[in-house]
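Observations on the model geometry
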There are 2 protein chains.
Amino acid sequence: MEIERARREYEELRGRNLKLDLTRGKPSSAQLDLSAELLRLPGDDYTAADGTDTRNYGGLQGLPELRSLFSEALQVPPGQLIVGGNSSLAVMHDSIVYCLLGVPVGGERRWTDEERVAFLCPVPGYDRHFALCERFGIELIPVPMTPAGPDMDEVERLAAADPGIKGIWCVPKYSNPDGVSYSAETVARLASMPTAAPDFRIFWDNAYAVHHLTDEPVEIADVLALAAEAGNPDRVFVFGSTSKVTLAGSGVSFFGSSPANVAWFLGFLSKGTIGADKVNQLRHVRFLRDERGLREHMRKHAELIRPKFEAVDRILGKELGGTGLASWSSPAGGYFITFEVPAGCAKEVVRKAAEAGIALTPAGATHPYGDDPADRTIRIAPTFPELDELEVAISGLATCVRLVGAERGLG
Amino acid sequence: MEIERARREYEELRGRNLKLDLTRGKPSSAQLDLSAELLRLPGDDYTAADGTDTRNYGGLQGLPELRSLFSEALQVPPGQLIVGGNSSLAVMHDSIVYCLLGVPVGGERRWTDEERVAFLCPVPGYDRHFALCERFGIELIPVPMTPAGPDMDEVERLAAADPGIKGIWCVPKYSNPDGVSYSAETVARLASMPTAAPDFRIFWDNAYAVHHLTDEPVEIADVLALAAEAGNPDRVFVFGSTSKVTLAGSGVSFFGSSPANVAWFLGFLSKGTIGADKVNQLRHVRFLRDERGLREHMRKHAELIRPKFEAVDRILGKELGGTGLASWSSPAGGYFITFEVPAGCAKEVVRKAAEAGIALTPAGATHPYGDDPADRTIRIAPTFPELDELEVAISGLATCVRLVGAERGLG
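Going by the annotation in an unreviewed UniProt entry, the name recorded for chain A is Aminotransferase, with Acrocarpospora corrugata given as the source organism.

As structure tokens, then:
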């Protein structure tokens, strides 16, 4: 009988006492090794291109040469980029705080003085975006993702109707977790749509701007330029970081926006710091050198990561293909694979996997308030484990799915 | 005639076309050179004491070995310390933001929901503390400094009477700018005084905890322990940094408080970052090694700085001693000297100095809203210039004071 075989396989899996982790999008040791040179830079020469002693105070906006280096990748002119600390999440945090405690450009009042502040959240999405809003009492409104980005009919309808809707979270390239890249039409509509809130903000978390897995890099439309053309120059906050370019805890982050927003942001920033870590900025310039150096470096990452994404696709195809029990994304970049199981099964699959020693991000984490109403979406993070561990974990995950399917009489 | 001689001297000074800067408390190049080793650390060994790969994500509270290293200096148990990024000002900023947007431990509501939030500001004090509060609409109430710290009669009277008074800024050791260290009695009174606000907070910016200039280091009382003993365990936020220990733009910062406050702070922090730069934390551990290493390192700083403080004292004594036109502090540590001129003269002295190419912090910057009602306090930052430049600048400053004095018929 089908269910007995599924049970037997699962007991066998449990008996192996695995301890495998597919939870977070962390680079592997081998990826971090690619940046080993950073650990002894800058050495004796601590002087920036303009003669600045990077060891001392100052330089609120960040080294111009580093802003130039990332300008193309982030699609922001160097003069409109600010270099932050080691965490782009912290820059997003600060952006929200500044909107809450100061009047945004084009706005009428501080967001804390609004009756209601809500953000549109394309789902599946990134749990840390949602948690950040939740912490500050910002309401989260899910909108569905499509293969071209957020469902723009829905986004346009909501944004136009409700002045309490102040923003939208976007991971426009190789989105977390489904790997979708926004189409040119989606970007143009986001940039130009009417919004009821005069200070509506697109939080454009371009976290995977240069994180291609194939030799055909995805390009997305230039949202800052499109917003300016459409008469909405101050609508977009662009975020980026080198956390998955160089070292995950010790990279640099970026904020980019219109000249007015950059001045607004710097106005707050100047009260809260004398400047970010310029020695680390210089390290990054010396190590990556230029745009070509950045591309070469990311190619090495792709060589390490691609086999892992391919393994997930291959094993899932072999073990679950044609069963009707699962579907999954095959992204051309980024850090995640979305894994969909039949409605009502995700929590149980994650629970069974955990019992078998395979840690997955909690089911529901891809949705606001941790609540996936269909209970079907699971996020797989394949980069951190070694390839052989990953293969065992994915095969084990398939075992869990088959058991849940059999228990529910599915497939 | 006295005034003609003073004018002649001043014109001579202007004719020298100086370009000297006594504005900010920046370490000199020679001081930064003391930490040259940091620029090639950690090298190949990027593993923390507990086996953590410092290059990857995680570690919200910071490396335990770094917290241990600074525990004694900051008078905070390692378990109650959090390591932040490169700026303690940013940690103070975040602390205020968390109080504004979340209910502080022991408080009744978010500070944004209070009718009024005010901070006591001992004057002269640090302009960046004041600017930070001002940016967020927090009212600033000056209280005078005494040779033992803030005027505690006044502080106790105000804090007990007014529930809108939510905090006080303190630089307890070698205070910015007058070099005063708080007496044991002052610390005990701050820790134990009744406050009308249940969530009153002491912002204890121990910026110069180990920055001694003499061989007799000043010790201050343990404010965290005293507050806990007095039944006010959550009253104190301790801040510190290595900005003036290692590299001014590339050090590490600290937050320390009660266990409840640390949990509260981490609760916010976890939404805004995955953790601070652990490679830089490891760099600091490898470089400073232990408490003895820290003390030895600070002794080298003192050797470079002390001659500058001595020169200021010597030149001011020679040029202005006995004239009745000025008095100044002779601190045993820290980064600043307070220079007092006759009432109503500070702005004019700073203006004349600027015209002669000697940049000073704006008169009034040591007071809330940039307003020194007596217009007499000037802050001198002697560390950054080379010794010979400093001597020229201080002598020039004396020239300006003599001219202003003569013009006003003083001295």
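And the narrative resumes.
The next thing to look at is the packing of aromatic side chains. Inspection of the entire model under this criterion finds 38 aromatic pairs over all chains. Look at A:Phe237 and A:Phe239: their rings are 6.4 Å apart centre to centre, the planes differ by 80°, and that puts the pair in the edge-to-face class. Here A:Phe237 matches A:Phe239 in class, with each residue buried. Judged by centre distance (6.0 Å) and plane angle (70°), the ring pair of B:Trp111 and B:Phe119 falls under edge-to-face. A relative accessible area of 1% means that B:Trp111 is categorised as buried. Under the relative-accessibility criterion, B:Phe119 is labelled buried at 0%. Seen from the ring of A:Tyr46, A:Arg55 lies directly overhead, with NZ or CZ sitting 3.6 Å from the centre. Directly above the aromatic system of B:Phe268 lies the positively charged group of A:Arg135, at a separation of 3.7 Å from the ring centroid.

We now examine the nonpolar core. Across soluble globular proteins, you tend to see nonpolar side chains buried next to one another. Within the largest apolar cluster, 64 residues are counted, with the highest numbers of intra-cluster contacts made by A:Ile96, A:Trp169, B:Ile96 and B:Trp169. Ignoring anything within four residues of it in the chain, the contact list for B:Ile96 reads B:Leu132, B:Cys133, B:Phe136, B:Ile138, B:Trp169 and B:Phe203.

Facing the 57 residues of chain A at the interface are 56 residues of chain B. For the chain A and chain B pair, buried surface summed over both sides reaches about 4,600 Å², with 54% attributable to carbon and sulfur atoms. Taken as a group, A:Leu39, A:Arg55 and A:Tyr57 account for 18% of the area that chain A buries against chain B, more than any other trio of residues on that side. For the pair chain A and chain B, the number of links is four salt bridges. Residues A:Asp33 and B:Arg55 are paired through a salt bridge, measuring 2.8 Å at the closest nitrogen-oxygen approach. Seen at the junction of chain A and chain B, the total is 22 residue pairs in polar contact (both at pLDDT 80 or more). If you list the elements that add at least two residues to the side of chain A that touches chain B, you get α2 (29-33), α4 (88-101), α5 (127-135), α9 (259-272) and α10 (278-288) of chain A. Sorting elements by how many residues they give to the side of chain A that touches chain B places α4(A) first, with eight residues. Split by residue class, the side of chain A that touches chain B holds 25 nonpolar, 17 polar and 15 charged.

When chain A is brought onto chain B, the operation consists of a screw motion whose angular component is 180° and whose axial shift is 0.0 Å, with 0.0 Å RMSD remaining. On the angle and the small slide along the axis, the relation comes out as a two-fold axis. The position closest to the rotation axis in chain A is occupied by the C-alpha of A:Arg40, lying 2.0 Å away. Comparing contact sets, 98% of the residues at the interface of chain A also lie at the interface in chain B, consistent with an isologous, same-surface contact.

Residues and elements named next belong to chain A. Each domain of chain A was delimited in the assignment, giving domain 1 (2-25 + 294-407) and domain 2 (46-288). A separation of 30 Å is found between the C-alpha centroids of domain 1 and domain 2. With 28 residues of domain 1 at the interface, the matching set in domain 2 holds 33 residues. Here domain 1 and domain 2 share an interface that buries about 2,600 Å² over both sides, 62% of which is from carbon and sulfur atoms. The interface formed by domain 1 and domain 2 includes two salt bridges. Taking the shortest distance from any N to any O, the salt bridge between Arg295 and Glu72 comes out at 3.6 Å. Remark: the boundary between domain 1 and domain 2 carries 11 residue pairs in polar contact (both at pLDDT 80 or more). Every element with two or more residues in the side of domain 1 that touches domain 2 is listed here: α11 (291-320), β11 (337-340) and β13 (377-380). Counting residues per element, the side of domain 1 that touches domain 2 draws most heavily on α11, which supplies nine residues.

Residues and elements named next belong to chain B. With mixed pairing, eight strands are arranged side by side in an open sheet as β2-β9-β8-β7-β6-β3-β4-β5. Strands with a single pairing partner mark the edges of an open sheet, and in this sheet they are β2 (81-84) and β5 (149-150). Relative to strand β6 (residues 165-170), strand β3 (residues 118-123) is paired through three bridges, and the arrangement is parallel. Of the residues in β6, the one forming a bridge with Phe119 is Gly167. Running over the sheet, helix α6 (residues 152-161) touches β3, β4 (139-146), β5 and β6 and is turned about 150° from β4.

So, about the pairing of strand β6 (residues 165-170) of chain A. Residues and elements named next belong to chain A. Burial analysis of β6 places six of its six residues in the buried class, the great majority of the element. As defined by bridge partners, β6 adjoins strand β7 (residues 201-205) across four bridges and the pair is classed as parallel. Bridge assignment links Cys170 to a residue of β7, and that residue is Trp204. Crossover connection from β6 via helix α7 (residues 184-192) to parallel β7: handedness right-handed.

Here the focus is the sheet that holds strand β3 (residues 118-123) of chain A. Residue and element names in this part refer to chain A. A sheet is described by the order of its strands in space; here eight strands give the open sequence β2-β9-β8-β7-β6-β3-β4-β5, paired in mixed fashion. Only two strands of the sheet have a single partner each, and these edge strands are β2 (81-84) and β5 (149-150). By the bridge criterion, two bridges tie strand β4 (residues 139-146) to β5 in an arrangement that is antiparallel. Looking at β5, one finds that Met145 is bridged to Pro150. Here α9 sits on the sheet in contact with β2, β7, β8 (236-241) and β9 (253-256), set at roughly 30° to β2.

One pass over the structure, following the stated rule, counts 58 salt bridges over all chains. A:Arg299 is the partner of A:Glu296 in a salt bridge, and the nearest nitrogen-oxygen pair spans 3.3 Å. Here A:Glu296 pairs with A:Arg299, and both are found in helix α11, just three residues apart, close to one helical turn. For the salt bridge of B:Lys352 with B:Glu348, the shortest nitrogen-to-oxygen distance reads 2.6 Å. Here B:Glu348 and B:Lys352 lie together in helix α12 (residues 346-355), a separation of four residues that amounts to about one turn. By relative accessible area, which is 6% here, B:Lys352 ends up buried. Owing to a relative accessible area of 16%, B:Glu348 belongs among the buried residues under this scheme. Counted as one network, the salt bridges with shared partners bring together A:Glu11, A:Arg14, A:Glu348, A:Arg351, A:Lys352, A:Glu355 and A:Glu407.

With that settled, consider the environment of A:Ala354. Residue and element names in this part refer to chain A. Checked against the element boundaries, Ala354 lands in helix α12 (residues 346-355). Take Ala354: its relative accessible area is 48%, and that puts it in the partly exposed class. C-alpha separation for the pair Ala354 and Leu397, spaced 43 residues apart in sequence, amounts to 9.6 Å.

With that out of the way, let us pick up the packing of helix α6 (residues 152-161) of chain A against α7(A). Residues and elements named next belong to chain A. Viewed as axis vectors pointing N to C, α6 and α7 meet at an angle of 0°, and their least axial separation amounts to 11 Å. As far as their axial angle goes, α7 and α6 are roughly parallel. Here α6 contributes Met152, Asp153, Val155 and Glu156 to the contact with α7, which in turn contributes Thr186, Arg189 and Leu190. Among the residues forming the contact of α6 with α7, the class breakdown is three nonpolar, one polar and three charged.

Rules and cut-offs
Residues numbered from 1 in each chain as written. Chains lettered and ligands numbered in written order. Predicted model: local features only at pLDDT ≥ 70, side-chain atom pairs only at ≥ 80, totals over all residues. Heavy atoms only, no water. Phe/Tyr/Trp six-rings, centres within 6.5 Å; stacked < 30°, edge-to-face > 60°. Buried < 20%, exposed > 50% of the residue type's maximum accessible area, 1.4 Å probe, protein only. Lys NZ or Arg CZ within 6 Å of the ring centre and 35° of its normal. Core = buried A, V, L, I, M, F, W, Y, C linked by side-chain atoms within 4.5 Å. Contact = heavy atoms within 4.5 Å. Buried area = accessible area lost by both parts, 1.4 Å probe. Salt bridge = Lys/Arg side-chain N within 4 Å of Asp/Glu carboxyl O. Polar contact = N/O pair within 3.5 Å; in protein donor to acceptor, adjacent residues only side chain to side chain. Helix = DSSP H or I, 4+ residues; strand = E, 2+ residues; numbered from the N terminus. Nonpolar A, V, L, I, M, F, W, Y, C, P; charged D, E, K, R; others polar. Least-squares fit on C-alpha atoms with pLDDT ≥ 70 in both. Domains from an automatic or database assignment. Pairing = 2+ DSSP bridges. Axes fitted to C-alpha atoms, helices over the stretch in contact; angles between N-to-C directions. Right-handed = clockwise from strand over helix to strand, strands pointing away. Parallel < 35°, antiparallel > 145°, perpendicular 65-115°, else oblique.

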